[in-house]
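Residue-level listing of the chains:
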Amino acid sequence: MKIQLFVPPGGYFAERWSKGSTMPPLGLLYIGAVLEKEGIEVEIVPADVLKMSWKDVARKIEDGRPDIVGVTSTTENRFQSFQLVRQAKKIFPPVLTVMGGPHASMAAEDALSHTPELDVVVRGEGEETTLDLCRALEREKDANGISHVAGISHRLEGRVASTPPRSPIFNLDALPFPAFHLVPFEKYNFKIDVPGKGLLPAVNIMTSRGCPFNCNFCATPVNWGRAVRTRSPLNVIREIEAHLEKYGAGVIHFYDDTFNLSVKRMEDISNLILERRLPINWLCEIRVDLMTKPLLAKMREAGLFYVSFGIEAGSERVRSTVINKQVKLKDFQNVIAWCRELGVVPNPFFIFSHPTETWEEAQETIRLIERYQGEVEASVAILHVYPGTPLEKTAKEIGLLPSDFSWTKKHSSKIITLPTAQGDVPLFLDKLTWAQISELLFRWSFSGGNVSVARKIPRVIRNIRSWGDLKRYAVMAWVFMKLKLRKLKRKGG
Ligand code: B12
Ligand code: SF4
């Protein structure tokens with residue numbers, strides 16, 4: 001049994017990353033580690049970071065003649081993932097094509113119904129399902145053979161069929177550490193700037209899966225489930241130690257959706273880092289309503305230097321009744337004050353254009369960002385719709401996504417995207433006009449936001465695909481000039 005696991009080449013992310021630093025794909029590395037442990041021949045091909053062309057990909061499959069070609073998918077890179085599946089089937093028809101990752105998991109039926117070259121979608125966690133799939137295929141080389149594998153959707157007698165969901169992996173400590181040795185680690189050039197220390201080599205780690213909350217736009221509760229599973233602090237520390245030894249990592253980026261879900265576990269991890277004097281700097285994502293000052297101080301002592309958290313909207317109504325994020329402005333303000341006192345960089349996330357969000361409410365958000373100018377590193381996005389989320393349902397109900405919408409089809413004129421900002425993913429536009437959204441984005445940019453308008457111009461021009469796009473970018477240019485003039489007048493007067 002031989003399996004090749006691909007990150008597809010090109011696409012929005014590769015383009016965005018092409019000159020910077022990125023990180024190895026933890027999902028494929030976990031699957032690789034499990035298969036390797038079970039004696040299955042596995043090759044991971046990160047075609048993005050290897051800068052492979054489609055011809056290179058074809059050659060890889062032709063030479064490898066694998067039993068299975070697997071490809072990971074996010075909604076941003078889905079078209080590249082579909083393309084890879086098509087190519088694999090064309091080059092080597094006997095291969096079983098498998099797609100996993102957040103996009104395929106959340107839109108399995110859509111992906112299979114519109115992509116005849118795709119044989120199987122693995123929904124959710126991939127470690128046990130992929131292993132079962134390999135074993136089933138070893139026994140019986142046809143669709144019936146795999147129809148007992150839990151957690152997949154596939155084609156059976158000409159129709160798309162789904163097996164029952166697989167139960168989540170509760171004992172995450174039982175998983176081997178991700179197989180970093182299966183990718184060319186140095187090619188990722190994964191480095192993070194630590195204040196006062198400069199750019200240091202970094203490694204990505206995930207210590208828990210699942211989220212008990214249910215924000216309307218978020219893929220995590222659907223993809224990973226709402227039952228949170230955690231690795232033991234000691235297991236986490238062992239992985240950090242392995243990275244320190246092998247890669248001389250100076251920074252650990254914890255990618256857990258909410259690292260501080262359990263105060264006790266957070267304290268234990270911090271205490272172990274301190275006891276073992278691990279020379280690491282780290283960053284993570286938290287919920288502000290679960291944070292306390294003593295905990296943040298402990299995390300800081302253990303090496304935390306940058307912390308991200310979603311506040312999403314300045315309006316209480318939008319946060320609590322639209323997004324379903326019960327976080328108070330007071331919690332947000334406290335965490336920022338503690339961060340400043342302790343020397344941690346606060347990185348709040350904000351989103352514009354929530355369902356029913358009015359211009360007045362959106363201005364509460366931008367005023368909050370402007371109020372904290374210079375004190376925080378704010379990240380801002382326009383709301384995007386992802387498959388399987390409550391927001392996708394809303395978008396269908398109000399007709400933003402037409403009834404015949406498919407995630408497999410490109411550039412429908414009815415769907416508005418902003419490829420230069422976040423790939424080919426539908427924007428959620430409701431009450432705010434395009435000019436208002438543009439104003440909000442530029443005001444964020446002027447208040448220290450990390451976007452350079454000038455740098456984006458070549459990509460904007462390359463990505464104009466319709467009159468609608470042209471009109472939207474023209475409105476943006478007009479709003480930009482208007483705000484610049486207003487700024488100049490203020491300076492002058
Ligand atoms: C790290 C991360 C990033 C990194 C990218 C790292 C990388 N090179 O992969 C950065 C910071 C660059 C990033 C950027 C973005 N991200 Co991001 N990111 C994450 C995060 C926090 C962790 C990913 C991870 O390592 N998970 C751990 C591994 C173990 O899980 P996994 O990758 O899902 O893999 C498992 C299964 O999915 C499955 N599987 C995966 N691939 C395959 C393939 C096969 C063949 C099989 C069988 C199974 C399988 O098995 C794996 C093991 O169980 C997730 C949230 C999350 N909880 O996962 C969001 C997440 C993936 N990101 C998301 C988004 C929206 C974005 C951005 C758009 C954000 C932005 N505003 O720019 C961009 C888009 C980038 C892109 N082109 O996709 C969404 C994706 C939703 C979707 N439908 O695609 C997620 C799910 C967050 C969320 N809650 O909504 N992201
Ligand atoms: S945004 Fe964060 S808190 Fe909300 S559901 Fe997603 S992971 Fe959970």
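Cut-offs applied
Residues numbered from 1 in each chain as written. Chains lettered and ligands numbered in written order. Predicted model: local features only at pLDDT ≥ 70, side-chain atom pairs only at ≥ 80, totals over all residues. Heavy atoms only, no water. Near = heavy atom within 4 Å. Polar contact = N/O pair within 3.5 Å; in protein donor to acceptor, adjacent residues only side chain to side chain. Helix = DSSP H or I, 4+ residues; strand = E, 2+ residues; numbered from the N terminus. Nonpolar A, V, L, I, M, F, W, Y, C, P; charged D, E, K, R; others polar. Pairing = 2+ DSSP bridges. Axes fitted to C-alpha atoms, helices over the stretch in contact; angles between N-to-C directions. Core = buried A, V, L, I, M, F, W, Y, C linked by side-chain atoms within 4.5 Å. Buried < 20%, exposed > 50% of the residue type's maximum accessible area, 1.4 Å probe, protein only. Patch = residues over 30% accessible without salt bridge, like charges linked within 9 Å, V, L, I, M, F, W, Y side chains within 5 Å. Areas by Shrake-Rupley, 256 points an atom, 1.4 Å probe, with all protein chains shown as cover. Salt bridge = Lys/Arg side-chain N within 4 Å of Asp/Glu carboxyl O. Contact = heavy atoms within 4.5 Å. 1 Å grid on protein atoms, 1.4 Å probe; cavity = no way out; pocket = protein on both sides within 12 Å on 5 of 7 lines; lining within 4 Å. Points joined across faces, edges and corners; volume = space filled by probe spheres on them. Phe/Tyr/Trp six-rings, centres within 6.5 Å; stacked < 30°, edge-to-face > 60°. Lys NZ or Arg CZ within 6 Å of the ring centre and 35° of its normal.

1. Side note on the site of ligand 1
Neighbouring ligand 1 are 36 residues, the closest being Thr72, Thr74, Thr75, Thr220 and Asp257. Between ligand 1 and the protein, one listed contact pairs an oxygen atom with a side-chain N or O atom of glutamate 127 at 2.8 Å. Separating an oxygen atom of ligand 1 from a backbone N or O atom of alanine 219 is a distance of 3.3 Å. Of all elements in the fold, only helix H1 (11–17), helix H2 (26–37), strand E3 (68–72), strand E4 (96–100) and helix H7 (127–139) reach the threshold of two or more residues within the shell around ligand 1. Residue contributions to the shell around ligand 1 peak at 5 residues, all from H2. Among the residues making up the shell around ligand 1, the classes are represented as 18 nonpolar, 12 polar and 6 charged.

2. A look at the side chain of serine 353
For serine 353, the location among the structural elements is in the loop between strand E15 (345–352) and helix H15 (359–371). A distance of 2.6 Å separates the side chain of serine 353 from the backbone oxygen of phenylalanine 428, its partner in a polar contact.

3. Some remarks on the pairing of strand E6 (residues 152–156)
Strand direction decides the pairing type here: strand E5 (residues 120–122) and E6, joined by 3 bridges, are antiparallel. The residue of E6 that forms the bridge with valine 121 is serine 153. Hairpin connection of E6 to strand E7 (residues 159–162): 2 residues between the antiparallel strands, including glutamate 157 at a positive phi of 50 degrees.

4. Quick look at the sheet that holds strand E16 (residues 379–382)
Pairing is mixed across the open sheet formed by 7 strands, whose spatial order is E8-E9-E12-E13-E14-E15-E16. Unpaired on one side and paired on the other, strand E8 (191–194) and E16 mark the two borders of the sheet. Shown here is a sheet whose adjacent strand axes are inclined to one another by a mean of 25 degrees, direction ignored. By the bridge criterion, 4 bridges tie strand E9 (residues 198–205) to strand E12 (residues 251–254) in an arrangement that is parallel. By the bridge assignment, asparagine 204 is partnered in E12 with histidine 253.

5. Some thoughts on the sheet that holds strand E1 (residues 2–7)
The strands making up a sheet associate through backbone hydrogen bonding, with each pair oriented either parallel or antiparallel. If you walk across this open sheet you meet the 7 strands as E2-E1-E3-E4-E5-E6-E7, and the pairing is mixed. Of all strands in the sheet, those with a lone pairing partner are strand E2 (41–46) and E7, marking the two edges. The sheet shows a mean angle of 20 degrees between the axes of neighbouring strands, taken without regard to direction. The sheet contact formed by E1 and E2 spans 6 bridges and is parallel. Bridge pairing in E2 links isoleucine 3 to valine 42.

6. Concerning the site of ligand 2
Taken together, Cys211, Phe213, Asn214, Cys215, Cys218, Pro221, Asp257, Arg287 and Lys325 make up the full set of residues adjacent to ligand 2. Its residues placed into classes, the shell around ligand 2 shows 5 nonpolar, 1 polar and 3 charged.

7. Some remarks on the nonpolar core
By size, the foremost hydrophobic cluster in this structure holds 111 residues, and its most contacted members are Leu133, Ile240, Ile252, Phe254, Trp282, Cys284 and Met299. Element by element, the count of residues in this core is highest for H2, at 8 residues. If you look at the next biggest cluster of nonpolar residues, it comprises 22 residues, including Val45, Ala47, Phe79 and Phe82.

8. What about a nonpolar patch on the surface?
On the surface, Ile464, Trp467 and Leu470 cluster together into a nonpolar patch covering about 340 Å² of accessible area. Inspection of the secondary structure assignment puts leucine 470 in helix H20 (residues 467–492).

9. What about the side chain of threonine 258?
Here threonine 258 shows up in the loop between E12 and helix H11 (263–275). Excluding anything up to four places from it in sequence, threonine 258 contacts Glu285, Ile286, Arg287 and Leu290.

10. Overview of empty space enclosed by the protein
Enumeration over the complete set of coordinates arrives at 1 cavity of 30 Å³ or more. Tyr30, Leu172, Leu175, Pro176, Phe177, Pro178, Met206, Thr207, Ser208, Arg209, Arg231 and Asn235 are the residues that line the largest cavity. When its residues are assigned to classes, the lining of the largest cavity shows 7 nonpolar, 3 polar and 2 charged.

11. A short note on the packing of aromatic side chains
Each aromatic ring pair is characterised by the separation of its centres together with the angle its planes make. Counted according to the given criterion, the structure contains 13 aromatic pairs. Judged by centre distance (6.0 Å) and plane angle (50 degrees), the rings of phenylalanine 446 and phenylalanine 480 are tilted. Note that phenylalanine 446 is positioned in helix H18 (residues 434–446) and phenylalanine 480 in helix H20, a separation of 34 residues in sequence. Taken together, Phe309, Phe332, Phe350 and Tyr372 form an aromatic cluster joined through their ring pairs. Above the ring of tyrosine 30, the side-chain terminus of arginine 209 is found at 5.0 Å from the ring centroid. Lying over the aromatic face of phenylalanine 79, lysine 410 brings its terminal NZ or CZ to 5.2 Å of the ring centre.

12. Observations regarding the pairing of E7
The side chains of a regular strand alternate, first on one face of the sheet and then on the other. As paired elements, E6 and E7 share 4 bridges and run antiparallel to each other. Looking across to E7, one finds that histidine 154 is bridged to alanine 161.

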